[in-house]
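# Analysis of the macromolecular model
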Amino acid sequence: MNTRMHYIAAADMIREGTEGQDRELVAEYFSRFFANDNYRFDRSRFMEGCGIKETVLLGGRVHREVTKTKRTAYGV
């Protein structure tokens, strides 16, 4: 089972090593993997740590915006 330390390291690598749609795609794949591995995984925190701001719109659609962030994954 992965731990908070693994989520932080993965989010840091994704944020620093990818840009634009590549970042969204990689973050999405990792978030699915982590969610299947650990039922306590917080997807929205992980995406924020990856530098992706998600907003749920009316009707349930999700709007994603790639941001430039400092190291803030999981409040560290």
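This structure is a prediction, so every number in the text was calculated from the model and none was measured.

## Observations regarding the packing of aromatic side chains
Aromatic ring pairs are defined here through the distance separating the ring centres and the angle between the ring planes. Counting across every chain of the model gives seven aromatic pairs. Seen in terms of ring centroids, Phe-34 and Phe-46 are 5.5 Å apart; in terms of plane orientation they differ by 80°. Their pairing is edge-to-face. Placement of the pair is Phe-34 in helix H2 (residues 20-37) and Phe-46 in helix H3 (residues 43-49), with a sequence separation of 12 residues. In this structure, Phe-34 and Phe-46 share a single accessibility class: buried. Ring pairs connect the aromatic residues Tyr-7, Phe-30, Phe-33, Phe-34, Phe-41 and Phe-46, which therefore count as one cluster.

## Topic: helix H1 (residues 4-17)
Think of an α-helix as turning once every 3.6 residues; residues three or four places apart then point the same way. Here H1 spans 20 Å end to end across 14 residues, near enough to the 20 Å set by a 1.5 Å rise per residue. For H1, the full list of buried residues reads Tyr-7, Ile-8, Ala-10, Ala-11, Asp-12, Ile-14 and Arg-15. On its buried face, H1 sits against H2 and H3.

## Details of the side chain of Asn-38
Its location among the elements puts Asn-38 in the loop between H2 and H3. You can call Asn-38 buried: its relative accessible area is 10%. Side-chain polar atoms of Asn-38 contact the backbone nitrogen of Arg-40, separated by 2.9 Å. When sequence neighbours within four positions are dropped, the list of residues in contact with Asn-38 reads Met-1, Asn-2 and Tyr-7.

## Describing the environment of Ile-52
With respect to the helices and strands, Ile-52 occurs in strand S1 (residues 52-56). Note on Ile-52: relative accessible area 2%, which makes it buried. Along the primary structure Ile-52 and Thr-67 are separated by 15 residues, whereas in three dimensions their C-alpha atoms are 5.7 Å apart. In contact with Ile-52, other than residues within four places in its own chain, are Arg-23, Glu-24, Ala-27, Met-47, Arg-64, Glu-65 and Thr-67.

## Considering the nonpolar core
Membership of the largest hydrophobic core is limited to 11 residues, which are Tyr-7, Ala-10, Ala-11, Ile-14, Ala-27, Phe-34, Phe-41, Phe-46, Met-47, Cys-50 and Ile-52. Secondary-structure elements contributing two or more residues to this core are H1, H2 and H3. The biggest single contributor to this core is H1, with four residues. Dropping the residues within four chain positions of it, Cys-50 is found in contact with Ala-11, Ile-14, Arg-15, Arg-23 and Ala-27.

Here is what the cut-offs are and how they apply
Residues numbered from 1 in each chain as written. Predicted model: local features only at pLDDT ≥ 70, side-chain atom pairs only at ≥ 80, totals over all residues. Heavy atoms only, no water. Phe/Tyr/Trp six-rings, centres within 6.5 Å; stacked < 30°, edge-to-face > 60°. Helix = DSSP H or I, 4+ residues; strand = E, 2+ residues; numbered from the N terminus. Buried < 20%, exposed > 50% of the residue type's maximum accessible area, 1.4 Å probe, protein only. Expected span 1.5 Å × (residues − 1). Contact = heavy atoms within 4.5 Å. Polar contact = N/O pair within 3.5 Å; in protein donor to acceptor, adjacent residues only side chain to side chain. Core = buried A, V, L, I, M, F, W, Y, C linked by side-chain atoms within 4.5 Å.

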